[in-house]
Amino acid sequence: MKCILLNSPIYRERSDIKEDYLPPLGLGYIATTLEESGIDVDIVDCVKEHLGINEIFELLEKQTPDFVGMNIFTQNFETVKEIVERCPIKTTVIIGGQAVKCIYNEILQWNVSNELEIVIGEGEFLLPALINKSCSELPIANVEQKRVYKVNKDSFYFPNDLDSVLLNRKLLKENKIINHYGQKEAAIITSRGCMYNCAFCGGAHNLNKDVTIRYRSILNIENEIREIIKADADIGSIRVLDDLFLRDKESINNACLLFEKFNKMSWRGMAHVLTFVGNLELIPKLKESGCRELFIGIESGSEHIRRKINKPGKIEQVIEVISAILVSGIDIKGYFMFGFPSETTEDADKTFLLASRIKDIAVKVDGNFRSSVFQFRPYHGTQLYNEIVQNGQEILSIKSNENLNIINGRSQFNFQSGNYSEIDDAVLDDYILKTQNISEVANV
Ligand code: B12
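### Description of the pattern of salt bridges
Once their charged atoms are close, side chains differing in charge can pair, the charge on each being opposite to the other.
Piece 1. Counting across every chain of the model gives 20 salt bridges.
Piece 2. Between Lys2 and Asp40 there is a salt bridge; the shortest N-O distance is 4.0 Å. Here Lys2, found in strand S1 (residues 2-7), pairs with Asp40, found in strand S2 (residues 40-45); they are 38 residues apart in sequence, far enough to count as distant.
Piece 3. Classification of Lys2 as buried rests on a relative accessible area of 19%.
Piece 4. The structure contains a network of salt bridges with shared partners spanning Glu122, Glu124, Arg192 and Arg214.

Structure representation (structure tokens):
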């Protein structure tokens, strides 16, 4: 039984654009359980290998797998649809990923001749059962030869205990991810589910209530880091990719205790401003533990927009927390977004001003500041997507915004599917470009 898992391409055609890349850990978890069940599995990373539809078809014709699994995102919905509909071989296709819970009805309409399994939720325990035809749960929908399976907290296949979910990194073939500092870096995920309600994010708590928030134990994370170093002694940095690793006082203390054990290594992680409100005194300890950079979603400098997107924390708290982090010598990569529904040039000015204020602070202290700026685009399964649809507005299909591609290395982020703000298109592009240009280009 052979199964190929495709990390689906962002671009329809082969592109040799040099872009940042992070490994598809979700597919890695699935490949690990498939391999353990005796299934011959291979991850083909179309993002890393820059494969377009034609190259994927050539590969499938050559390898003729019995099963082809692939993830789908709002951004590459049309491309994945084309791959599935025009698939040149007889196989069983399996589609999964965060967006599926909101688009499975559309996928059921696809014109497909192959068998199609559509999976809502976390797939690593369900997939071996599906492939080995031993699945104990019935599909929640069934149209012709297409079936929809759902893994939520009530499913037998839901990973309740993250410590028991293994990741064989060899299957990810992640040989060289060199980070912004020139260090060889490995990425890890320490939690699943989210406690925040960001209105632009598909992982928001309010819209995923059938999934519980789960954390790995610190010992389990420590063991994974030891495995990573054992497999590759050149790893100089760990990047924590989930939002909840640093969430409160206790988790900050735990992170310090954990990384103090790896004194030759630095680490980087995501955090929210609220993580540090009331915990500023712990930031120097984070620095001592090897924390080199924090990734923080600042998003908007307008209080009105922040309320609309459920982004907690007042502007003054943003400044206070970010200043304390920079003063401690930890760098910050701050994410900003322009073009939220109903956003005006006044709101956008406030965001640009906030990014400029942070840059002004950074130049006077040890920590460095990089900005990473996006045009808002509505993703399936988010509050803002639902609101736009409820307002009767049409969500346009995704296309590249070439005006933004004058900055190198960011074209994978420069997609848009309509402008829902009160700001003219060209003015919006200007805000994005000038806020991006506040710092050096923010890559990995
Ligand atoms: C960390 C992260 C990333 C990381 C790593 C992803 C990873 N896990 O490997 C990086 C930075 C690489 C990333 C990239 C992108 N991401 Co991202 N990411 C996240 C984040 C914050 C956490 C996801 C996570 O790691 N969960 C834990 C892991 C184990 O779960 P997972 O990856 O989802 O995989 C599980 C299930 O989804 C499912 N599954 C996944 N794939 C498949 C495939 C099959 C066949 C099956 C059956 C099941 C299945 O089983 C997996 C194992 O349990 C979420 C937001 C959130 N809080 O959930 C956004 C999120 C998933 N990302 C999102 C997006 C849009 C992207 C990008 C397209 C961004 C871009 N470039 O513009 C790219 C996709 C590129 C690609 N093809 O890889 C959106 C998706 C929304 C949507 N409707 O499409 C989310 C929801 C954030 C948001 N803004 O709303 N992302």
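### Some points on the nonpolar core
Piece 1. Counting 53 residues, the largest nonpolar core has Ile238, Phe245, Leu246, Trp267, Phe276, Leu286 and Ile325 as its most contacted members.
Piece 2. By residue number, the principal contributor to this core is helix H11 (residues 315-327), which donates seven residues.
Piece 3. Counting 34 residues, the second largest nonpolar core, distinct from the first, contains Leu6, Val44, Phe77 and Val148.

### Some points on the sheet that holds strand S13 (residues 291-299)
Piece 1. Spatially, S8-S11-S12-S13-S14-S15 is the arrangement adopted by the six strands of the open sheet, whose pairing is parallel. Strand pairing shows two members of the sheet lacking a second neighbour, strand S8 (184-188) and strand S15 (369-375), which therefore form its edges. Taking the axes of each pair of neighbouring strands and ignoring which way they run, one obtains an average angle of 20° across the sheet.
Piece 2. In this structure, strand S12 (residues 266-271) lies alongside S13, joined through five bridges in parallel fashion. In the strand pairing of S13, Met270 is matched with Phe295.

### Focus: the packing of aromatic side chains
Any aromatic ring pair is given by two values, namely how distant the centres are and how the planes are angled relative to each other.
Piece 1. Under the definition given, this model contains 11 aromatic pairs.
Piece 2. Ring plane angle 45° and centroid distance 6.1 Å describe the contact between Phe200 and Phe340, whose orientation is recorded as tilted. In this pair, Phe200 is assigned in the loop between strand S9 (191-192) and strand S10 (214-215) and Phe340 in the loop between strand S14 (331-338) and helix H12 (345-364), connecting sequence segments 140 residues apart. Considered together, Phe200 and Phe340 belong to a single accessibility category, that of buried residues.
Piece 3. Judged by centre distance (6.4 Å) and plane angle (85°), the rings of Phe336 and Phe369 are edge-to-face. Of the two residues, Phe336 sits in strand S14 while Phe369 sits in strand S15, which places them 33 residues apart along the sequence.
Piece 4. You can call Phe369 buried: its relative accessible area is 1%.
Piece 5. Among the aromatic side chains, those forming a connected cluster through ring pairs are Phe200, Phe340, Phe376 and Tyr420.

### Notes on the site of the ligand
Piece 1. The immediate surroundings of the ligand are formed by 40 residues, with Leu25, Thr74, Glu124, Ile189 and Gly202 found nearest.
Piece 2. The separation between an oxygen atom of the ligand and a polar main-chain atom of Pro23 is 3.4 Å.
Piece 3. Contacts to the ligand include Gly202, whose backbone N or O atom sits 2.7 Å from an oxygen atom.
Piece 4. Secondary structure elements with two or more residues in the shell around the ligand: helix H1 (25-36), strand S3 (67-71), strand S4 (92-96) and strand S5 (115-121).

### Focus on the domain arrangement of the protein chain
Piece 1. Domain boundaries in the protein chain define domain 1 (2-150) and domain 2 (195-204 + 240-436).
Piece 2. When each unit is reduced to the centre of its C-alpha atoms, the spacing between domain 1 and domain 2 is 30 Å.

### Topic: the pairing of S13
Piece 1. When you tally the buried positions in S13, you get eight out of nine residues, the bulk of the element.
Piece 2. Bridge count between S13 and S14: six bridges; the pairing is parallel. Each bridged residue has a counterpart across the sheet, and for Gly297 the counterpart in S14 is Tyr335.

### Side note on the packing of helix H6 (residues 218-231) against helix H7 (residues 249-260)
Piece 1. Across the interface, H6 lies against H7 with an axial gap of 11 Å and an inter-helix angle of 35°. Helix-helix and strand crossings are classified by hand; for H6 and H7 the assignment is right-handed. Contacts between H6 and H7 involve Ile218, Ile221, Glu222 and Ile225 from the former and Asn254, Leu258 and Phe259 from the latter.
Piece 2. In terms of residue class, the contact of H6 with H7 is built from five nonpolar, one polar and one charged.

### Here we look at the sheet that holds S4
Piece 1. What the seven strands build is an open sheet, ordered S2-S1-S3-S4-S5-S7-S6; its pairing is mixed. A strand with exactly one partner marks an edge of an open sheet, and here the two such strands are S2 and strand S6 (141-143). Going from strand to strand, the sheet's axes swing by 20° on average, the running direction of each strand aside.
Piece 2. Relative to S3, S1 runs parallel, the two being bridged by four bridges. Pairing of Leu5 across the sheet is with Gly69, part of S3.
Piece 3. Contacting S1, S2 and S3, H1 crosses the sheet at an angle of about 175° to S1.
Piece 4. Relative to the sheet, helix H4 (residues 100-107) contacts S4, S5 and strand S7 (146-151), its axis offset from that of S5 by approximately 155°.

Calculation rules
Residues numbered from 1 in each chain as written. Predicted model: local features only at pLDDT ≥ 70, side-chain atom pairs only at ≥ 80, totals over all residues. Heavy atoms only, no water. Salt bridge = Lys/Arg side-chain N within 4 Å of Asp/Glu carboxyl O. Helix = DSSP H or I, 4+ residues; strand = E, 2+ residues; numbered from the N terminus. Buried < 20%, exposed > 50% of the residue type's maximum accessible area, 1.4 Å probe, protein only. Core = buried A, V, L, I, M, F, W, Y, C linked by side-chain atoms within 4.5 Å. Pairing = 2+ DSSP bridges. Axes fitted to C-alpha atoms, helices over the stretch in contact; angles between N-to-C directions. Phe/Tyr/Trp six-rings, centres within 6.5 Å; stacked < 30°, edge-to-face > 60°. Near = heavy atom within 4 Å. Polar contact = N/O pair within 3.5 Å; in protein donor to acceptor, adjacent residues only side chain to side chain. Domains from an automatic or database assignment. Left-handed = near helix turned anticlockwise from the far one by under 90°. Contact = heavy atoms within 4.5 Å. Nonpolar A, V, L, I, M, F, W, Y, C, P; charged D, E, K, R; others polar.

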